[in-house]
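Results of the structural survey
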Amino acid sequence: MSSPPKRSAVTSTVSRAVIPFFNYRGAFAAREDEFLEIVRDVIRRGAFIQQRDLADFEEALAAFLGVPWAFGVGNATDGLIIALRAAGLQPGDEVIFPSHTMVATAASVAHAGGVPVPVDCGADHLIDPASVEAAVTERTRAIMPVQLNGRTCDMDAIERLARDHGLMIVEDAAQALGSRFKGKPAGTFGVAAAFSFYPAKILGCFGDGGAVVTGDPEIARRVKLLRDHGRNEEGDVEMWGFNSRLDNMQAAILHAQFRDYDEIISRRRSIAHLYDSLLSGLAEVTLPPAPGSDPDHFDVFQNYEIEAERRDELRAYLSKNGVGTIIQWGGTPVHKFAALGFDVELPATERLFERCLMLPMNMMVTDDEVAYIAELIRDFYTPTA
Ligand SMILES: Cc1ncc(COP(=O)(O)O)c(C=O)c1O
């Protein structure tokens, strides 16, 4: 392999800065006094499990999405298992999901008793409807689209497939709170959906957290039972359940941030805009669609995932210059984990995993830092004489 070309000097004032991919401590420091007051208040009240703060947050979440029910759960993985079980998935039912996702998507199907069936992704990195169509069998029961990177899939196509084949849709909306397709929020297309509040998520808590949302009264009833040992309000056990409740303290912390959610989304979209304006035109890099470039999509940019030529070299160059990046899920699509036993080739997904790279995208990143990162990337691809 040829050695990398000699590069021009990066001129940004942020040079030699350290820009982590995600600054976990920074997320706390930004609102430290407020968060500590919430923690103190919850502990002083001794209000830990299924208390008022949780109910208030669930109400706010449901109102934001325009759905009748939202339930805080331990994490999105549990949320998806519970959603599938509540929706009546039966042992052996096949559930189609995109292999460009976290293993949690597929694991939720397996733990709910189903058979996860991985399919390919399209140019937008999201589930490819044609690949879904090709994977449908008489055992298929559901499609689990993943609203990845803060972008909602082309849900017209997914809904059409679900209708044509009599399938239910359960959305993995772990990364997509607030994103919309044709004005409709991610998480409101299927019979149920799960969101994640993992610390690095757009709305993140200080530990694990998640939610299940639904518009179906019977699914809502079952989700509520399933997350709390199968117990109803009288204490009677109606079914085998889980212990997967969003902690009251985490709910209070999430609710405080959720009050500013519109500004949070707006800032992330502005970072995406800046990356787009500074990096567009670079032949070696494919950018995600810029905010507002497609009227059907309102993206919230959980991640800013680019595709790049000589991706690993670029990543090393950014790292050498203090910029943290991530290749999602260690660079392995779900269907390629040998232990899981999938036997399928998904060419678009496999090619994507050779090229994809996530740049810093969070509330701690400044405009100057984005400019520095973009300058480094341009510099990397611009050999000097
Ligand atoms: C697409 C996707 N699905 C599911 C999950 C699982 O979420 P959790 O960590 O809350 O269980 C994640 C978490 O990062 C995710 O990115």
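Details of the structure are given in the entry above.
Residues numbered from 1 in each chain as written. Predicted model: local features only at pLDDT ≥ 70, side-chain atom pairs only at ≥ 80, totals over all residues. Heavy atoms only, no water.

1. Structural notes on the sheet that holds strand β10 (residues 285-286)
On the basis of which strands lie adjacent, the open sheet formed by 3 strands has the order β10-β12-β13 and antiparallel pairing. Both outer strands of the open sheet, β10 and β13 (356-359), are each paired with one neighbouring strand and no more. Two elements, β10 and strand β12 (residues 304-308), share 2 bridges in a ladder whose sense is antiparallel. Residue pairing in the sheet places V285 in a bridge with A308 of β12. Contacts from helix α12 (residues 347-355) reach β10, β12 and β13, with the element oriented near 50 degrees to β13. (Pairing = 2+ DSSP bridges. Helix = DSSP H or I, 4+ residues; strand = E, 2+ residues; numbered from the N terminus. Contact = heavy atoms within 4.5 Å. Axes fitted to C-alpha atoms, helices over the stretch in contact; angles between N-to-C directions.)

2. Details of the site of the ligand
In the region of the ligand, 15 residues are neighbours, and A76, T77, D172, S196 and K201 sit closest. Backbone polar atom of A76 to an oxygen atom of the ligand: 2.8 Å apart, as the coordinates give it. Within the side chain of T77, an N or O atom sits 2.5 Å from an oxygen atom of the ligand. Protein contact buries 92% of the 390 Å² of open area that the ligand shows by itself. Judged by its atoms lying within 2 Å of the grid points, the ligand is housed in the largest pocket. (Near = heavy atom within 4 Å. Polar contact = N/O pair within 3.5 Å; in protein donor to acceptor, adjacent residues only side chain to side chain. Areas by Shrake-Rupley, 256 points an atom, 1.4 Å probe, with all protein chains shown as cover. 1 Å grid on protein atoms, 1.4 Å probe; cavity = no way out; pocket = protein on both sides within 12 Å on 5 of 7 lines; lining within 4 Å. Sits in = over half its atoms within 2 Å of the grid points.)

3. Focus on the environment of V132
The residue V132 is located in helix α6 (residues 129-135) in this model. Relative accessible area serves as the criterion here: at 0%, V132 is assigned to the buried category. Remark: the alpha-carbon pair of V132 and F64, spanning 68 residues in sequence, is separated by 30 Å. In this view, V132 contacts I96, V119, I127, I143 and L161; residues no more than four positions away in its chain are not counted. (Buried < 20%, exposed > 50% of the residue type's maximum accessible area, 1.4 Å probe, protein only.)

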